[in-house]
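Structural description and commentary
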Amino acid sequence: MKRIISTAFFISLCLLFITCSQDEGNYDYHDIAAITIDGLEDSYVANLNEGYVFRLNPEVTTTGRESDLEYEWKLQGTSSPELKSTIVLGRERNLVWNVDSANIGSCKLVYRVKDRASGVTASRYMDISLALRNSGIMVLCENAEGRSQLDLISFAADTVLLRNVLKNFPPLGKPRYVAQVGQWLFDFDRRFTYRWLVTEDDAYQFNENFEYEAGNDFSANLFLTKDSYDRNARLLEVHPRNRRNSHGDLKNEVFVCSNGYLFSAHFVFSEPINILPDEEGVMLAAPYIFRHFYKYFTGVVYYDRVNERFLYTSTDRYNFYSQRLTDRAGDVFPWNNKEVNRTLVYGGSTFNHDFDSDPEGNCYALMRDKETNDLYIYRFRVGQTYRFMLKCVCYSLGRRFPDLLRAEHFVFSSKRTALYYSIGSKIYGLDFNPGNERLFELMDYGDADITDMRLDDQIETDKDFIYVATYNQAEGGTFMKLEQGTDPDRLELREVPGCRWTGFGKIVSWSWK
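Residues numbered from 1 in each chain as written. Predicted model: local features only at pLDDT ≥ 70, side-chain atom pairs only at ≥ 80, totals over all residues. Heavy atoms only, no water.

1. Details of the pattern of salt bridges
Per the stated rule, a full pass over the model turns up 29 salt bridges. One salt bridge connects lysine 391 with aspartate 327, and the closest N-O pair in it is separated by 2.6 Å. Of this pair, lysine 391 sits in strand β26 (residues 390-398) while aspartate 327 sits in the loop between β22 (322-324) and β23 (342-349), and the two are 64 residues apart along the sequence. With a relative accessible area of 15%, lysine 391 lands in the buried category. With a relative accessible area of 32%, aspartate 327 lands in the partly exposed category. Residue arginine 490 is joined to glutamate 492 by a salt bridge in which the shortest nitrogen-to-oxygen separation is 3.9 Å. Within the structure, one salt-bridge network assembled from shared partners comprises Asp278, Glu279, Asp304, Arg309 and Arg324. (Salt bridge = Lys/Arg side-chain N within 4 Å of Asp/Glu carboxyl O. Helix = DSSP H or I, 4+ residues; strand = E, 2+ residues; numbered from the N terminus. Buried < 20%, exposed > 50% of the residue type's maximum accessible area, 1.4 Å probe, protein only.)

2. Looking at the sheet that holds strand β34 (residues 493-504)
Across the sheet, 4 strands lie side by side as β31-β32-β33-β34; this open sheet has antiparallel pairing. Only two strands of the sheet have a single neighbouring strand rather than two, namely β31 (449-455) and β34. If you compare each strand with its neighbour and ignore which way they point, the axes differ by 20 degrees on average. Across 7 bridges, the pairing between strand β32 (residues 466-472) and strand β33 (residues 476-484) is antiparallel. (Pairing = 2+ DSSP bridges. Axes fitted to C-alpha atoms, helices over the stretch in contact; angles between N-to-C directions.)

3. Observations concerning the sheet that holds strand β30 (residues 438-444)
The strand order across the open sheet built from 4 strands is β27-β28-β29-β30, with neighbouring strands paired in antiparallel fashion. Two strands close off the open sheet at either side, each with one partner strand: β27 (409-412) and β30. This sheet shows a mean twist of 20 degrees between the axes of neighbouring strands, independent of strand direction. Two strands pair when backbone bridges link them, and strand β29 (residues 426-431) and β30 are joined in this way by 6 bridges, in the antiparallel orientation. What sits directly across from glycine 429, in β30, is phenylalanine 440.

Next up, the structure:
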């Protein structure tokens, strides 16, 4: 038996040797595919605003065949009850996710790419938070139908442009103005703010989530107490816009109306505050408010356009009167301009305090001689009460810059003696430094007219940024941020990189929110 087994074993070894010696090595080997994923961040914030689409376009490379790749996007790994199991968002190379309003908090976004032929898988894990984007720059536009549309430039984590964010509003007419107003009550308290949207027909309030607040329309709360009052009051603007580090009572605002009336109340508008106790009627105000930038907003100066004079009024909600400002012999300019035959062209308030280091800022008034068209610029400071008004300088421009009378938008600089203004598609800068007055053409937007131009007096108040809006039929509205140059010998404006947004309607107003 042992001999038979040995013989069989010997024969098996010989057959194995013969088989191996005839093996020519013709095996069909395949390299295992290598997959790399690039172009994705470690974390994202997705927006819960209605209609928002979250998109990601990763860069995927493979050493195998792209046709063998499978893709999967999913949310997983959170304590939220809505995500105890994985939610698949898509199975395409790029993610296009119509974000709904589910409150899923923070979780992991997983992107997985698999090679079907080899079974190799590559994955990327990203933190993602879902939040309602309701802060940024509100941009009020006139849409193609000639109605008001509010868009939002949101800067949460990344810059996203949200279109038509208003909710549950009645039909709106042509746009005029938008603002967030309200102030800190105390350093430790939350910010009490509210928002106004003004159209040619009325003014409307909306809440933090852009929802219409019925019953708070301006016209619905206009209850004038005297039959002699003009009831054709339409709200134009509200001052001051809410700004960083401001303080005071939230009802310390001034409401400027189209008929020249001013109100300081918030809930009911019954008595205009531009009334002098010893004169008949309402002192009709020009649509410019002069104010200080001290942290407590207590009073403003306005211009009585009928009697050609500056008047002061408190912004306290219990105030119903204005005060005259006193002229004295030797003053650099008069508060009462009727005797010198001058009228107001434009007025603005700035943070400019380079001259005397006063943190409350300076106000500027562009004045015109009604007979000769000579131009003047008054610089003055608005105090916390009418007793602390201060006249600073009168700059005499003569008739050297007549185009100022054709200007459509004005901005006084907070950094230097400069007045920027626009005509059509061009922006000009006037350096009115005494003895060195010069005019510069700074920007030309070609066939796009400038529709709005305003200094940022809310957020980056120390930077003197100017926001400009342009419009033409082909491209629609464009919104951009400009910075001023620092060359002491000339005025310059430059567009801030990354701060140009397009695709709007015709922009008429904007406000930080």
